[in-house]
Amino acid sequence: MSGPVPPALPLSAAPPLRALWHRAEPRHRRHAAFAALMSFVNKVFDIAPELLIGAAVDVVVNAESSFVGRLFGVEDRVDQLSILVAITAVAWILESVTEYLAVLNWRNLAQELQHDVRMDAYRHVQDLEVAHFEDQTSGGLMTILNEDVNQLERFLDMGPHRIITMAANVVLIGVTFFVISPLLMALSFLPIPVIVAGSIVYQRRLEPRYAAVRRAAGLIGDALTNGLGGVATIKAFTAEEREVERVGTDSHRYLATNQAAIRWSAAFSPLIRAAVLAGFVMTLLVGGRAALRGDLAVGLFSVLVYMTQRLLWPLTDLGETLDLYQRAMASLRRIFGLLEAEPTILPGAAELPTPVRGDVRFEDVHFAYSPDGTAVLSGISLHVPAGETHAIVGATGSGKSTIVKLLLRLYEPTAGRILLDGTPIDELTFASLRGAMGFVAQDVFLFHGTVRENLTYGRLDADDAALHRAAALAEAAGFVEAMPHGYDTVVGERGQKLSGGQRQRLTIARALLRDPAVLVLDEATSAVDNETEAAIQRSIDRVSHSRTTIVIAHRLFTIRHADRIHVMEAGRLVEAGTHDELVARGGLYAALWRVQTGDTDPSDVEVA
Ligand SMILES: Nc1ncnc2c1ncn2[C@@H]1O[C@H](COP(=O)(O)OP(=O)(O)OP(=O)(O)O)[C@@H](O)[C@H]1O
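Residues numbered from 1 in each chain as written. Predicted model: local features only at pLDDT ≥ 70, side-chain atom pairs only at ≥ 80, totals over all residues.

**Comments concerning the overall build of the protein chain**
Then, in step 1: Across its full length, the protein chain carries 21 helices and ten strands.
Then, in step 2: Here the C-alpha atoms of the protein chain give a radius of gyration of 36 Å, more than 25% beyond the 25 Å that 2.2 N^0.38 yields for 608 residues.
Then, in step 3: Residues counted as buried form 37% of the 608 residues belonging to the protein chain.
Then, in step 4: In the protein chain, 77% of the contacts between residues at least 6 apart in sequence involve partners at least 24 apart. (Helix = DSSP H or I, 4+ residues; strand = E, 2+ residues; numbered from the N terminus. Rg over C-alpha atoms; globule rule 2.2 N^0.38 Å. Buried ≥ 20, exposed ≤ 12 C-beta atoms within 10 Å, placed from the backbone. Contact = placed C-beta atoms within 7 Å.)

Put into structure tokens, the structure is as follows:
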């Protein structure tokens, strides 16, 4: 079975390497310039011995009238050779040193850039609003932050060094050839346009293939995170085989797209080699004849033979380098595609005067999750005066959780205003707005770590006394202290080593530890037994005295003492009042209350 294919991640249209250069810090650019210089100088010293071999042959053939003899004014051939040996030794030492410096600098730069790109991308992901993640899969994002960044590193590791040395090789040898014999230069350079043109054609063909490979890699990431994240559900439905097949399908897609790319990339090197060989044969043939005729000195001929090899053989690496380059560019396009996604919910600049009172006001708020989607909230106006406890109730899907998501600015209303202590929340910094809130979400989330780390997540400087107080208020202290490692017990990924009720109490304690002006509890008692419900109920009663509390509840019993209860139906507030007022009114709330207290058959109550 193949799972639904998530929408493609946006790709950047900008030339990726140029974009990377523009993003790089000045110190990285300086680093790259130094590494490039070392690569170039390294090539100069790498080629020098070939020229020296030519000079040595020249010494043997031409004795005192040799090039070296004339240059240094030395007649004895042994002395001339000694000079050549000394120069060769120095060239080799310098070649080794510059190669070390070039490789060291490129590889360090690759590490620094991969770190910076990964951190930029991760920081950017953190700044994106919740809605952005709903259109993406976490597996796809993880593949970008991990594999695509590594792909870039793999190219930067050796790619630029190889490209620069290849280019320097062509230029330096070209100049040498030109000085010796323009005809031979033309002959030995003949394959180069073929190689360059061939490379460009290959590059064009490989690009879409590697884009498909990266996309397939992202889909494997999705399938794996889905499968590994839902282990219990998979087992409960004995769907192991199906899940293996699902990953198998994605893995197969990756295999097939990679093979399609490999078919092209593997043919590249042999083609280049053929072109190289043709150039080499030409030099041998034409240069050899010229030497036999006496038109070309033997020393120069030997230089040419070596040089042609040196000119053309390194180009056979071009295929592999180009391959790495194309893979890295496909990855960079995905990374920049992510970086180009701009957050649309931006923080304001205002700070609330402290202490925050916690006066919450919604003024005719409208909202839809997508611009062309149906309205989820229509004309919500409500006021929660500082210090009061208000409840929001209503049928499932009526928009209760959406109200608190708007209050936290996880989404932006399409119309209307939300104010905290009289300031529109979009004028506040995130730290000021969200710092005033303690939020217990419907889907309880704990991080992999200890109880202590999870509780102090919202207030890192909390001391043990504050920690114990918050745990006690949320009635979590008892079971935490009974655990073998107490507050240092590791809760497992998403808190899976704890029971549902324990997780819920810990998230309440976590919210309380912030001592928030506004406490928002979304369905805090939906998935717990009666005893836990009663415990949470007691803690809500205890903590709500000193702060504004907004409780979203299905179980009306838990909120019957609220100062005011707002009843929602299909995105609208249809009733509001105290429990007694609403029961007396005989409307929707009264009907729901009767169902929950067992006075009415649930099927008699029609809720939207
Ligand atoms: N992220 C989302 N994208 C699109 N639609 C959404 C999203 N979240 C919720 N909805 C839709 O918005 C409507 C209101 O959802 P909301 O979660 O606010 O309801 P609720 O009253 O809290 O429900 P419940 O009591 O089941 O938690 C529902 O129809 C839901 O399908």
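**Re unusual backbone geometry**
Then, in step 1: Following Thr-354, the chain continues into Pro-355 via a peptide bond in cis, with omega recorded as -5 degrees.
Then, in step 2: You can see Pro-355 is positioned in the loop between helix H12 (318–339) and strand E1 (360–367).
Then, in step 3: Of note, the phi angle at Asp-364 is positive, near 45 degrees, even though the residue is not glycine.
Then, in step 4: With respect to the helices and strands, the residue Asp-364 is situated in strand E1.
Then, in step 5: On the neighbour-count criterion, Asp-364 (12 C-beta atoms within 10 Å) is exposed.
Then, in step 6: A positive phi angle is found at Asp-421, which is not glycine, with a value near 50 degrees.
Then, in step 7: Residue position: Asp-421 is located in the loop between strand E4 (415–420) and strand E5 (423–424).

**Looking at the pairing of strand E3 (residues 389–394)**
Then, in step 1: Summarising burial for E3: six of the six residues are buried, a large majority.
Then, in step 2: Here E3 shows two buried faces, one formed by Thr-389, Ala-391 and Val-393 and the other by His-390, Ile-392 and Gly-394.
Then, in step 3: Note that E3 and strand E8 (residues 548–552) share four bridges and pair parallel. If you follow Ala-391 over to E8, its bridge partner there is Val-551.
Then, in step 4: Of the pairings in the sheet, the one linking E3 to strand E9 (residues 564–569) comprises five bridges and is parallel in character. (Pairing = 2+ DSSP bridges.)

**Focus: the packing of helix H6 (residues 138–180) against helix H7 (residues 182–189)**
Then, in step 1: The geometry of H6 relative to H7 is characterised by a closest axis approach of 6 Å and an angle of 140 degrees between their N-to-C directions. Overall, the two elements H6 and H7 adopt an arrangement that is oblique. Residues Gly-174, Phe-177, Phe-178 and Ile-180 of H6 pack against Pro-182, Leu-184, Met-185, Ser-188 and Phe-189 of H7.
Then, in step 2: Within the contact of H6 with H7, the residues separate by chemical class into seven nonpolar, two polar and no charged. (Axes fitted to C-alpha atoms, helices over the stretch in contact; angles between N-to-C directions. Parallel < 35°, antiparallel > 145°, perpendicular 65-115°, else oblique. Nonpolar A, V, L, I, M, F, W, Y, C, P; charged D, E, K, R; others polar.)

**Overview of the nonpolar core**
Then, in step 1: If you look at the biggest cluster of nonpolar residues, it comprises 68 residues, and the most contacted ones within it are Val-393, Ala-509, Val-520 and Val-551.
Then, in step 2: Looking at this core, the element that brings in the most residues is helix H18 (residues 500–513), giving six residues.
Then, in step 3: Residue contacts for Val-393: discarding those within four places in its chain leaves Ala-553, Leu-556, Ile-559, Ile-565, Val-567, Tyr-589 and Leu-592.
Then, in step 4: Of all hydrophobic cores here, the second largest spans 59 residues; its members include Ile-47, Ile-180, Leu-184 and Leu-219. (Core = buried A, V, L, I, M, F, W, Y, C linked by C-beta atoms within 7 Å.)

**Here we look at the confidence of the model for the protein chain**
Then, in step 1: Within the protein chain, residue pLDDT values average 83, and 94% of them lie at 70 or more.
Then, in step 2: Looking over the protein chain, one finds the lowest element-wise mean pLDDT in helix H3 (residues 67–72), namely 71, and the highest in E1, namely 94.
Then, in step 3: Every residue in residues 604–608 is under pLDDT 50, and counting partners more than four places away or in other chains gives eleven contacts.
Then, in step 4: Reported for the predicted complex are a pTM of 0.76 and an ipTM of 0.96. (pLDDT = per-residue confidence, 0-100.)

**Some details on the packing of helix H1 (residues 16–23) against H12**
A packed helix pair is summarised by two numbers, namely the angle formed by the two axes and the spacing between the axes.
Then, in step 1: With their axes 9 Å apart at the nearest point, H1 and H12 run at an angle of 55 degrees to one another. Classed by the angle they form, the pair H1 and H12 counts as oblique. Of the two elements, H1 crosses H12, and the hand of that crossing is left-handed. The residues of H12 that touch H1, namely those facing Pro-16, Ala-19 and Leu-20, are Met-329, Leu-332, Arg-333 and Phe-336.
Then, in step 2: In the contact of H1 with H12, the residues fall into six nonpolar, no polar and one charged. (Left-handed = near helix turned anticlockwise from the far one by under 90°.)

**Looking at the sheet that holds E1**
Then, in step 1: Reading across the sheet, the four strands line up as E2-E1-E4-E5 and stay open at both edges, with antiparallel pairing between neighbours. Single-partner strands in this sheet number two, and they are strand E2 (377–384) and E5.
Then, in step 2: Looking at chain direction, E1 and E4 are connected through five bridges and run antiparallel. Within the sheet, the bridge partner assigned to Val-360 lies in E4 and is Leu-420.
Then, in step 3: In this fold helix H13 (residues 400–407) packs onto E1, E2 and E4, with an angle of close to 115 degrees to the strand it touches most, E1.

**Digging into the environment of Ser-378**
Then, in step 1: Its location among the elements puts Ser-378 in strand E2.
Then, in step 2: For the pair Ser-378 and Ser-546, spaced 168 residues apart in sequence, the C-alpha to C-alpha distance is 31 Å.
Then, in step 3: Not counting residues up to four positions away in its chain, the partners in contact with Ser-378 are His-366, Gly-571 and Arg-572.

**A look at the site of the ligand**
Then, in step 1: Not every one of the 13 residues close to the ligand is listed here, only the nearest: Tyr-369, Thr-396, Lys-400, Ser-401 and Thr-402.
Then, in step 2: Looking at the shell around the ligand element by element, the count peaks at three residues for H13.
Then, in step 3: Here the residues of the shell around the ligand sort into two nonpolar, eight polar and three charged. (Near = placed C-beta within 6 Å.)

**A word on the sheet that holds E3**
Then, in step 1: One open sheet accounts for six strands, arranged E6-E7-E8-E3-E9-E10; its pairing is mixed. Each edge of the open sheet carries a strand with a single partner, namely strand E6 (437–440) and strand E10 (572–577). Strand after strand, the sheet turns through a mean of 15 degrees between neighbouring axes, direction not considered.
Then, in step 2: Along the sheet, H18 makes contact with E6 and strand E7 (518–522), crossing E6 at roughly 175 degrees.

**Topic: the pairing of E9**
Then, in step 1: Judged from the five bridges that link them, E9 and E10 form a sheet pairing that is antiparallel. Each bridged residue has a counterpart across the sheet, and for Met-568 the counterpart in E10 is Leu-573.
Then, in step 2: Count of turn residues in the E9/E10 antiparallel hairpin: two residues, of which Ala-570 carries a positive phi of about 45 degrees.

**Describing the environment of Ser-188**
Then, in step 1: Following the sequence through the fold, Ser-188 ends up in helix H7.
Then, in step 2: Separated by 17 residues in the primary sequence, Ser-188 and Val-171 place their C-alpha atoms 13 Å from one another.
Then, in step 3: Excluding residues within four positions of it along the chain, Ser-188 makes contact with Phe-177, Gly-279, Met-282, Thr-283, Thr-308 and Leu-311.

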